[in-house]
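# Geometric and topological summary
Here is what each chain is made of, one letter per residue.
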Amino acid sequence: MDFQPLHYIFKGTGNASAKTLLLLHGTGGNEHDLVPLAKNFGDDINILSLRGNVSENGMPRFFKRLGMGVFDEKDLEFRTNEMVHSLNEIAEKEGFDSTKIIALGYSNGANIAGATLILHPDFLAGAILYRPMQPFRNIQNVKNEKNTPVFFSSGKNDPTVNAGDTNKYLEILKTNNLNVTFYEMNTGHNLTQEDVDLSVEWFKTNF
């Protein structure tokens with residue numbers, strides 16, 4: 001595979017057994033965007049923030065899309081595998097435990113995190129998905145062996161994500177043995193402080 005490395009920021013604790021919070025930005029963001037948010041989760045975790053390798057009209061993304069809400073699923077599969085490959089390499093280079101990665105993704109970042117849960121069901125120790133969409137139209141049953149905890153928040157008035165599609169995606173995740181905690185926010189596609197507060201509470205409960 002012609003995998004390319006991903007640009008990243010790593011802020012380590014110096015503790016080889018520490019958990020690592022993996023930050024995955026939304027469309028047009030970069031590896032710096034979510035770093036300020038990470039401080040809410042405590043100072044005893046590593047912070048690893050990636051920049052997507054795809055550019056859409058100059059805007060970084062983690063994978064290509066064919067139109068608004070229509071994903072290039074072949075590219076999504078490739079980029080997900082590329083990201084997992086890169087994470088294993090970065091873990092070796094930076095000296096952290098690759099079995100203790102909790103993804104935190106917003107929008108496009110949440111979607112590649114979701115794709116990772118499907119394609120590599122036991123890779124992530126957990127995932128925080130802000131405003132996600134179902135990554136693949138057809139998802140085969142891929143039983144998760146670890147009952148991985150997942151935080152999932154949607155916006156009640158989100159114009160980019162259909163509520164019916166969200167419910168379908170939730171059921172698919174649960175069917176695949178993921179331990180999903182779901183919240184519907186009284187907002188749109190934007191990220192709110194309530195999202196952050198609830199996900200921090202979820203994080204402290206699960207990790």
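Residues numbered from 1 in each chain as written. Predicted model: local features only at pLDDT ≥ 70, side-chain atom pairs only at ≥ 80, totals over all residues. Heavy atoms only, no water.

### Overview of the overall build of the protein chain
Applicable threshold: Put simply, DSSP marks the helices as runs of H or I at least four residues long and the strands as runs of E at least two long, and each gets a number from the N terminus on. Note on method: radius of gyration uses C-alpha positions; expected globular size equals 2.2 Å times residues raised to 0.38. Every residue pair with non-hydrogen atoms within 4.5 Å of one another is taken to be in contact.
Tallying secondary structure elements over the protein chain gives five helices and eleven strands in all. Against the compact-globule benchmark of 17 Å for 207 residues, the protein chain has a radius of gyration of 16 Å, which places it among compact chains. Based on the C-alpha atoms only, the size of the protein chain along its principal axes is roughly 45 × 40 × 35 Å. Pairs at least 24 residues apart make up 73% of the contacts formed inside the protein chain by residues separated by at least 6 positions.

### Regarding the packing of aromatic side chains
Between two aromatic rings, the relevant description is the distance of the centres plus the angle of the planes. The condition is simple: Centre distance within 6.5 Å is the pairing criterion for rings of Phe, Tyr and Trp, where only the six-membered ring of Trp is used; planes under 30 degrees apart are then read as stacked, over 60 as edge-to-face, and the remainder as tilted.
Going through the model one piece at a time under the given rule, you end up with eleven aromatic pairs. Taken together, the ring pairs in this structure connect F41, Y130, F151, Y183, W202, F203 and F207 into an aromatic cluster.

### Some words on the nonpolar core
Filter applied, for reference: Among buried residues, those of type Ala, Val, Leu, Ile, Met, Phe, Trp, Tyr and Cys that are joined through side-chain atoms within 4.5 Å constitute a nonpolar core. Three exposure classes are used, based on accessible area relative to the maximum for each residue type with a 1.4 Å probe and protein chains only: buried under 20%, partly exposed in between, and exposed over 50%.
Grouped together as the largest cluster of nonpolar side chains are 39 residues, with contacts concentrated most on L22, L24, L50 and L129. When residues of this core are traced back to their parent elements, those giving at least two are β2 (20-24), β3 (46-50), α2 (73-94), β8 (101-106), α3 (108-119), β9 (126-130), β10 (149-155) and α4 (163-175). When neighbours within four sequence positions are excluded, L129 is seen to be in contact with G105, A110, A113, G114, L117, V150, F151, F152, S153 and Y169.

### Side note on the environment of M133
Within the fold, M133 resides in the loop between β9 and β10. When its relative accessible area of 19% is taken as the criterion, M133 is described as buried. Taking the C-alpha atoms as reference points, M133 and A110, separated by 23 residues in sequence, lie 7.9 Å from one another. Beyond its immediate sequence surroundings of up to four residues, M133 is in contact with G69, F71, N111, T160, V161 and Y169.

### Some points on the pairing of β10
The cut-off we apply is this: Two strands are counted as paired when DSSP detects at least two bridges linking them. Crossovers are marked right-handed if the path from the first strand over the helix to the second runs clockwise, as seen with the strands pointing away from the viewer.
The buried fraction of β10 amounts to seven of the seven residues, a majority that puts the element mostly inside the structure. Side-chain alternation along β10 places P149, F151, S153 and G155 on one buried face and V150, F152 and S154 on a second face that is also buried. Across four bridges, the pairing between β9 and β10 is parallel. Each bridged residue has a counterpart across the sheet, and for Y130 the counterpart in β10 is S153. Sheet analysis places β10 next to strand β11 (residues 179-185), joined by seven bridges and oriented parallel. Residue pairing in the sheet places V150 in a bridge with V180 of β11. Considered for its hand, the β-α-β crossover made up of β10, α4 and β11 is right-handed.

### Quick word on the UniProt feature "domain: Phospholipase/carboxylesterase/thioesterase" (unreviewed entry) in the protein chain
Heads up, the rule is: UniProt positions are given in the numbering used here, feature names are shortened, and annotations may be inferred rather than shown by experiment.
As recorded in UniProt, the feature "domain: Phospholipase/carboxylesterase/thioesterase" (unreviewed entry) lies at residues 16-196. Overall, residues 16-196 shows 30% helix and 25% strand. The separation of its end C-alpha atoms is 26 Å.

### Some words on the environment of M185
Here M185 is to be found in strand β11. As a C-alpha pair, M185 and K156 span 29 residues in sequence and 5.7 Å in three-dimensional space.

### Comments concerning the side chain of S107
Examined against the element boundaries, S107 turns out to sit in the loop between β8 and α3. Taking the relative accessible area as the measure of exposure, S107 reaches 12% and is therefore buried. Among residues more than four places away in sequence, those in contact with S107 are G26, Y130, R131 and H189.

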